[in-house]
Amino acid sequence: MIKLRERAETLGVVLFFKDTNTNNLKDYYRQCRQTGALDTGVHFFVTPEGAIETDRSIESIAGWNLPDNEVSIYVLVQTSTGKPSDSQSYVLTRLIADLQKKYKDLKTIERTE
């Protein structure tokens, strides 16, 4: 098992809206590995149905290729429209509220690909 470096500080949570052409973390992980990545680089993967799947430890840095990876928690939201579904919006609201309990003054940043 790979031991990833832990973040020294946490400034934000990045909601990364992306169409991965997959519906679950296992398939997205396989897709990433086929392109040479060690893993997905994100902490959480939100399925189209709104299920939250955990990939990295919440304390670890995000993937090397992601902006602000050393100070952010990354949540990949699988979407083909560039915005979350109602189910995804509901779980994201709850996830962010839980993260804000642990990390005070946490900023939320939205990115699309």
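Anything mentioned here points back to the structure above.
Below is a short write-up of the structure. For clarity, every value in this text was computed on a predicted model and none was experimentally measured.

1. What to know about the overall build of the chain
When helices and strands are tallied, the chain shows two helices and five strands. For the chain, the α and β elements follow one another from N to C terminus as β-α-β-β-β-α-β. Over its C-alpha atoms the chain spans a radius of gyration of 13 Å, differing by no more than 12% from the 13 Å that the globule rule assigns to 113 residues. Across its three principal axes, the chain shows a C-alpha extent of roughly 35 × 35 × 20 Å. Taken across its 113 residues, the chain has 42% of its residues classed as buried. A fraction of 68% describes how many contacts in the chain between residues 6 or more apart in sequence connect residues 24 or more apart.

2. Concerning the pattern of salt bridges
Inspection of the entire model under this criterion finds seven salt bridges. Here Lys 102 and Glu 59 are joined by a salt bridge, their closest N and O atoms 2.4 Å apart. One end of the pair, Lys 102, is in helix H2 (residues 86-102); the other, Glu 59, is in the loop between strand E3 (52-54) and strand E4 (72-78), and 43 residues separate them in sequence. Notably, a salt bridge pairs Arg 111 with Asp 68, separated by 3.2 Å at the nearest N-O pair. With Arg 111 in strand E5 (residues 107-112) and Asp 68 in the loop between E3 and E4, the pair connects residues that are 43 residues apart, well separated along the chain.

3. Things to note about the packing of aromatic side chains
Overall, the coordinates contain two aromatic pairs when judged by the stated rule. Relative to Tyr 74, the ring of Phe 16 lies with its centre 6.3 Å away and its plane at 85°, an arrangement referred to as edge-to-face. Remark: Tyr 74 occurs in strand E4 and Phe 16 occurs in strand E1 (residues 12-18); sequence separation between them is 58 residues. Tyr 74 carries the same exposure label as Phe 16, and that label is buried.

Analysis parameters
- Residues numbered from 1 in each chain as written.
- Predicted model: local features only at pLDDT ≥ 70, side-chain atom pairs only at ≥ 80, totals over all residues.
- Heavy atoms only, no water.
- Helix = DSSP H or I, 4+ residues; strand = E, 2+ residues; numbered from the N terminus.
- Rg over C-alpha atoms; globule rule 2.2 N^0.38 Å.
- Buried < 20%, exposed > 50% of the residue type's maximum accessible area, 1.4 Å probe, protein only.
- Contact = heavy atoms within 4.5 Å.
- Salt bridge = Lys/Arg side-chain N within 4 Å of Asp/Glu carboxyl O.
- Phe/Tyr/Trp six-rings, centres within 6.5 Å; stacked < 30°, edge-to-face > 60°.

So, to be careful, I would describe these as geometric facts and stop short of saying anything about function.
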